[in-house]
Every structure is written in structure tokens, then in C-alpha cells.
There are 2 protein chains.
Amino acid sequence: MGRIYVVGLGPGKEEYMTYVAAKALEESEVIIGYTVYIDLIKDRYPGKELLTTGMRQEKERCSLCLSNALEGKTVSLVCSGDSGVYGMASLMLEMAEGTEGVEIIVIPGITAALSGGAVLGAPLSHDFCVISLSDHLTPWELIEKRLRCAAEGDFAIAIYNPSSKLRKDYLKRACDILLEVIEKERVCGLVRNIGRDDESYNICTLDELKDMQVDMFTTVFIGNSATKVIDGRLVTPRGYLKND
Amino acid sequence: MGRIYVVGLGPGKEEYMTYVAAKALEESEVIIGYTVYIDLIKDRYPGKELLTTGMRQEKERCSLCLSNALEGKTVSLVCSGDSGVYGMASLMLEMAEGTEGVEIIVIPGITAALSGGAVLGAPLSHDFCVISLSDHLTPWELIEKRLRCAAEGDFAIAIYNPSSKLRKDYLKRACDILLEVIEKERVCGLVRNIGRDDESYNICTLDELKDMQVDMFTTVFIGNSATKVIDGRLVTPRGYLKND
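All values reported here derive from a predicted model rather than from experimental measurement.

Cut-offs and rules
Residues numbered from 1 in each chain as written. Chains lettered and ligands numbered in written order. Predicted model: local features only at pLDDT ≥ 70, side-chain atom pairs only at ≥ 80, totals over all residues. Heavy atoms only, no water. Patch = residues over 30% accessible without salt bridge, like charges linked within 9 Å, V, L, I, M, F, W, Y side chains within 5 Å. Areas by Shrake-Rupley, 256 points an atom, 1.4 Å probe, with all protein chains shown as cover. Salt bridge = Lys/Arg side-chain N within 4 Å of Asp/Glu carboxyl O. Helix = DSSP H or I, 4+ residues; strand = E, 2+ residues; numbered from the N terminus. Buried < 20%, exposed > 50% of the residue type's maximum accessible area, 1.4 Å probe, protein only. Least-squares fit on C-alpha atoms with pLDDT ≥ 70 in both. Contact = heavy atoms within 4.5 Å. Pairing = 2+ DSSP bridges. Core = buried A, V, L, I, M, F, W, Y, C linked by side-chain atoms within 4.5 Å. Disulfide = S-S within 2.5 Å. Axes fitted to C-alpha atoms, helices over the stretch in contact; angles between N-to-C directions. Buried area = accessible area lost by both parts, 1.4 Å probe. Polar contact = N/O pair within 3.5 Å; in protein donor to acceptor, adjacent residues only side chain to side chain. Nonpolar A, V, L, I, M, F, W, Y, C, P; charged D, E, K, R; others polar. Parallel < 35°, antiparallel > 145°, perpendicular 65-115°, else oblique. Left-handed = near helix turned anticlockwise from the far one by under 90°. Phe/Tyr/Trp six-rings, centres within 6.5 Å; stacked < 30°, edge-to-face > 60°. Lys NZ or Arg CZ within 6 Å of the ring centre and 35° of its normal.

K.L.:
Got a minute to help me understand a nonpolar patch on the surface in this structure?
P.N.:
Residue and element names in this part refer to chain A. Taken together, the side chains of Met55, Met216 and Phe217 make up a nonpolar region of the molecular surface, amounting to roughly 330 Å² of accessible area. As for its position among the elements, Met216 is in the loop between helix 8 (206-209) and strand 11 (218-222). Met216 gets classed as partly exposed once you look at its relative accessible area, which sits at 45%.

Given below as C-alpha cells:
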């Protein structure tokens, strides 16, 4: 019986990995992932077969996992952040549909909403939404609709993939939609390179956020109507009612 | 300079803790938390001062942290799941406002949306909302509004606190609201006692979910319109468009 672990590594440094994730990698004979993530962990796993594929080669990566597991091997497919949230677990399960003799175990990791939130303070302490601005696999109209629904529901919002080479103005477009519902002064934050040595963050208003420079390594946070800045940290209170 | 780490322990067993969280606990002279969570970790930390407070004594817990940190100690305030998502980080930052000589560091953990999602498969692989049904600190009308917005935006949804002794029918009420927008056959899942020895899960339709028995240790997942059941797992595809 072959086994595939789909492992969330958490952000940046491997210290954000869980013990369960580390144990799965230790157990594996083969570790497969996007080149950049394999480079991050390779020194820790000498003697293991490390296989990499480039960006957007997700199907090739899952096929590699399946073919190795069908030989009876234990394989880890690694993802940054969580293995589920915009991760590889869903595609792996889809591509393995009906395959006998392979067990798939999904191991969670710290996604950027949590790790970036911790850097800023506690912006997601109440109900929240996670929305990706990437329209690679999602129609832009649906992204717009979700932004409107999130604003109307007074959710705190974590935005993934706010920009890329081909989508330089997407954060601005998203802010314009949010500003139809939310006041300009709403407090927001952004975190770059979470968990890495050059991690940095800003706190600003929604109106200022619109013109911020972001890249694909940035995660953006929009407060809800109760979010405030306390001693330089972004904090969404747990409650709306007084609790004295 | 005193220091307070607000530490997310992840679900159930301590193996879901990150290395960063474990390091913070090791560094701490005092570990403070709700009785149940301290019991879970106390054997691992002999020689440390362990302080507990009961359920809903969150303010007392934060005061204990502050008074110890003001004596120059390093303190860990532990939370199950993440330290931010319905955790103690926001209250700690609020109560410490303006306090000099105390540094507060928030350390994320695996929240139930991620750990429960991994148990079910990959239900949160696309945009999602996290909504708590607890009306202890939130007006029920706002919870209803958020459920409606989440359904209208075709988000996958993770529901926390679906029931308690005083709120036995809240999941049913939430399902009734979702059913105004979502079809009865929508696939859903629920996970009980995540990360513990008696962990269990079910996959069902939204119509069936309405009558499911849940308790405060259950996390509920509602798929989006593309979510499907693959080999007994709940899977939300990453994309809406074909990607061949």
C-alpha cells in the first residue's frame, strides 16, 4: 500500500511546521513539490529522493506522487502555508479518484491568514473571509461578488494573491469595490514575506491601501467595523457586545 | 522587560503545535490558560509555573499574564486552535493597551477550519468564510446576515460553535437560513473532537445537516457550488474554469 501525505509547511521558515508535518516528511521516501519549497527544506532531509516541478505544473506534481505511491512508496507532497487553503490537497484527491492501493492523508499547515494575522496583531478574531484575487482559475465577476458579500456581511477579510505581473491593479480594483460599502477610514494591514527574514508589515486605511505597492508575497487584511489600532497592532475585538 | 507569548496550540494533541509555539512554551517561566488546555500540556513542562482559570474567565487570564509580565517574567498564554481566530490575542492586546515594559508576541496555531478540513479532505481549497454561531458576544441578527452573505457569495463555509447547552437548535436555524439560498443537496461535512483519539466525521447534504446532533467540540463545513464527494472525501476544486 502506497501513501501520499499532502503536507502544509506553513509560512517561510520551517519552524512554523507542525510536529505532525515533520513526522510525515521523516517517514517519506520521496518528497515532491514546487522547486522553491523543496529548496527551503532540502538540507534537512538528506538521503531522501527530492522531486521538483515548476510553477503551475500542479498536475505533473500530483502525477509524480501517484506513480511513486503506486510503486508502494511513501510520498510527501509539500505546499507552503496550508495543504488545503489554495493548496494541493484538492487536486491530489481529484486526480487520485478511484485509484486503489494508495492512501491519501492531508496534513494541515499555518495558512497566511493566520501567520500574517499574528504579525499584525489579531485582525481575524471574529468571523472572517479569505478571498484570492487570482483570476487564473476563477472568473473576476465572482471575485467581485465575493468582495461585495464580504463587505456587506461586515466580515474581516484576508486577501491572498493581491497582485502579480499580469494583475498589477487588482488590489486597487478590489479596494474600489469594498469602498462602495465600507468607509474610507476602515483600518487595514498588509504583511510581506511572512515568516522570512525580510518580513515586514504596514497598517493603513482602506483608502490608503488602494494605492499600496503589493506583490505575490503579500497578504492583505481588511478590518471589520469594530477593528481598531492598539499600540500599533491591528485588533478585531472578539465581541460586539459589552462583556463586563 | 516582560514578555507575553499568546500561543495557538492547534487542535487536540500537542503534535499539531508548531516548533515556534513549542519554543515559546520552553522559554516561558509561567504558562497560563483555561484549565482544560493546561491539563493537556502540563506533563511536558515540569518545573514551570502553571496557572489556570475557568471557562469564560478570559479577562482574569489576561490580567494574570499582565501582572506576571510586569514582574519581568516571560509568560505564555495558551489557546486551543489559533491564538487569533476566536482566540485570546485580541483581548490580550486590548487589555495591555498603553502598558509599558511588556512585549506581546502572537504565535499562530492550526485553527479548526484547517484541521477539520484536512480530516474531511479539502473543503476549503477555494475562497471561504469562518462564522461562529455563538451569540454570547455577537447579536444573532448579525450572525444570520453573515450566513446569508456567505451563501450569496458562494463561499465554502466553516461553522464554529454550532451548538452548546443553551443553543441546541442553532445549527438547525443556520441551515434554514442557508437553505433560502443554497440547494438541499449541497454537500457538507462535520468533524468532532479534531486531533483527539475519538475524532470522527460525517459527510452529508445540507438538508441532512439540519437535523444532525452536534456539540461544542464539532466543526461544520458547507461546500460551495463546486464542492463534491470523491472517494468519501469532501473536496472543493481550486478552480471554476477548466485548466487543461
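K.L.:
Would you mind going over the relation of the copies chain B and chain A with me for this structure?
P.N.:
For the pair of chain copies, the relating transformation is a rotation about an axis with a translation along it. Placing chain B over chain A gives an RMSD of 0.0 Å and needs a rotation angle of 180°, together with 0.0 Å of translation along the axis. As the rotation angle and translation indicate, the two copies are arranged about a two-fold axis. A share of 100% of the interface residues of chain B reappears at the interface of chain A, consistent with the copies meeting face to face through the same patch.

K.L.:
So what exactly am I meant to see when it comes to the pairing of strand 3 (residues 49-53) of chain B here?
P.N.:
Side-chain positions along a regular strand alternate between the two faces of the sheet. In the sheet, strand 2 (residues 30-34) of chain B pairs with strand 3 of chain B via five bridges, with the strands oriented parallel. Its bridge partner lying in strand 3 of chain B, Tyr34 of chain B is registered against Thr53 of chain B.

K.L.:
How do you make sense of the nonpolar core when you look at a structure like this?
P.N.:
Most often, soluble globular proteins keep nonpolar side chains buried together rather than apart. Leu147, Leu209 and Ile222 of chain A together with Leu133, Leu147, Leu209 and Ile222 of chain B are the most contacted members of the largest nonpolar core, which has 54 residues in total. If we ignore the near neighbours within four places in the chain, the residues touching Ile222 of chain A are Ala156, Ile157, Ile159, Leu178, Ile182, Arg186, Val187, Cys188, Leu206 and Leu209 of chain A. In this structure, Ile194 of chain A together with Ala113, Tyr160 and Ile194 of chain B belong to the second largest nonpolar core, which totals 38 residues.

K.L.:
Which parts of the structure should I look at to understand the state of the cysteines?
P.N.:
By definition, a disulfide is the covalent link that joins the sulfur atoms of two cysteine residues. Evaluated as defined, the whole model comprises zero disulfides over all chains. In this structure Cys62 of chain A is not part of a disulfide, and its nearest cysteine sulfur, from Cys65 of chain A, lies 6.0 Å away. Take Cys62 of chain A: its relative accessible area is 0%, and that puts it in the buried class. Unpaired in terms of disulfides, Cys188 of chain B finds its nearest cysteine sulfur in Cys204 of chain B, a separation of 5.5 Å.

K.L.:
Please clarify how the environment of Val85 of chain B should be interpreted in this entry.
P.N.:
All names here are of chain B. Residue position: Val85 is located in the loop between strand 4 (74-79) and helix 4 (89-95). For Val85, a relative accessible area of 5% gives the class buried. Residues Val85 and Ile32, 53 residues apart in the sequence, show an inter-C-alpha distance of 18 Å.

K.L.:
Where do I start with the sheet that holds strand 1 (residues 2-8) of chain B in this structure?
P.N.:
In sheet architecture, strand pairing relies on hydrogen bonds along the backbone and comes in two forms, parallel and antiparallel. Residue and element names in this part refer to chain B. Ordered in space as 3-2-4-1-5, the five strands form an open sheet in which the pairing is parallel. Two strands bound the open sheet, and with one partner strand each, they are strand 3 and strand 5 (102-107). Going from strand to strand, the sheet's axes swing by 20° on average, the running direction of each strand aside. Looking at chain direction, strand 1 and strand 5 are connected through six bridges and run parallel. Directly across from Tyr5, in strand 5, lies its bridge partner Ile105.

K.L.:
I tried to follow the interface of chain B and chain A on my own but got confused; where do I start?
P.N.:
It is common to give the size of an interface as the accessible area that goes away when the parts come together. Taken together, the contact between chain B and chain A spans 71 residues of the former and 71 residues of the latter. With both sides pooled, the region where chain B packs onto chain A buries about 6300 Å², and carbon together with sulfur makes up 60% of that total. At the junction of chain B and chain A, the tally comes to eight salt bridges. Here Lys228 of chain B ties to Glu94 of chain A by a salt bridge, and the two come within 3.2 Å at their closest N and O atoms. Applying the counting criterion to the chain B and chain A interface returns 40 residue pairs in polar contact (both at pLDDT 80 or more). Considering only residue class, the side of chain B that touches chain A consists of 33 nonpolar, 19 polar and 19 charged.

K.L.:
Would you mind showing me how to read the side chain of Ser163 of chain B here?
P.N.:
The residue Ser163 of chain B is located in the loop between strand 8 (156-160) and helix 7 (170-178) in this model. Leave out the neighbours within four places in its chain, and Ser163 of chain B touches Lys168, Val214, Asp215 and Met216 of chain B.

K.L.:
Honestly, the pattern of salt bridges in this entry has me stumped. Any pointers?
P.N.:
Two side chains carrying opposite charge are able to pair once their charged atoms lie near each other. Scanning all chains against the criterion turns up 34 salt bridges over all chains. When the shortest N-O distance is used, the salt bridge between Glu180 of chain A and Arg148 of chain A registers 3.2 Å. Placement of Glu180 of chain A in the loop between helix 7 (170-178) and strand 9 (187-192) and of Arg148 of chain A in helix 6 (residues 140-152) is noted, with a sequence separation of 32 residues between them. Its salt-bridge partner being Lys42 of chain B, residue Asp39 of chain B comes within 3.5 Å of it at the nearest N-O pair. The exposure class of Lys42 of chain B is partly exposed, given its relative accessible area of 39%. In the salt-bridge network here, residues are joined through shared partners; they are Asp127, Asp154, Glu183 and Arg186 of chain A together with Arg146 of chain B.

K.L.:
When you look at the pairing of strand 11 (residues 218-222) of chain B in this model, what are you seeing that I'm missing?
P.N.:
Residues and elements named next belong to chain B. The element strand 11 is extensively covered by neighbouring structure, given that five of its five residues are classed as buried. Residues of strand 11 alternate between two faces, with Thr218, Val220 and Ile222 on one and Thr219 and Phe221 on the opposite face, all of them buried. Note: strand 8 against strand 11, three bridges, orientation antiparallel. The partner of Ile159 across the bridge, within strand 11, is Val220. The pairing of strand 9 (residues 187-192) with strand 11 spans five bridges and is classified as antiparallel. By the bridge assignment for strand 11, Val191 is matched with Thr219.

K.L.:
I'm lost on the packing of helix 6 (residues 140-152) of chain B against helix 7 of chain B in this one. Help?
P.N.:
Each pair of packed helices gets described by two things: the angle between the helix axes and the distance between those axes. Residues and elements named next belong to chain B. Running from N to C, helix 6 and helix 7 point in directions that differ by 45°, and their axes come no closer than 9 Å. Put simply, helix 6 runs oblique to helix 7. Crossing of helix 6 against helix 7: the hand is right-handed. Between helix 6 and helix 7, the contacting residues are Trp140, Glu144, Leu147, Arg148 and Ala151 on the first element and Tyr170, Arg173, Ala174, Ile177 and Leu178 on the second.

K.L.:
What should I look at first to understand the packing of aromatic side chains in this one?
P.N.:
Each pair of aromatic rings is reported with the distance of its centres and the angle of its planes. Applying the stated criterion to the full structure yields seven aromatic pairs over all chains. For the ring pair Tyr34 of chain A and Tyr37 of chain A, a centre distance of 5.3 Å and an interplane angle of 80° mean the geometry is edge-to-face. Each member of the pair, Tyr34 of chain A together with Tyr37 of chain A, is buried. Here Tyr86 of chain A and Tyr160 of chain A contribute two aromatic rings whose centre-to-centre distance is 5.3 Å and whose plane-to-plane angle is 50°, an arrangement assigned as tilted. Pair noted here: Tyr86 of chain A is in the loop between strand 4 (74-79) and helix 4 (89-95) and Tyr160 of chain A is in strand 8 (residues 156-160), with a separation of 74 residues, a long-range link. Grouping residues by exposure puts Tyr86 of chain A and Tyr160 of chain A together as buried. Against the face of Tyr170 of chain B rests Arg173 of chain B, its NZ or CZ located 4.7 Å from the ring centre.

Geometric descriptors of this kind do not, in isolation, establish any biological role.
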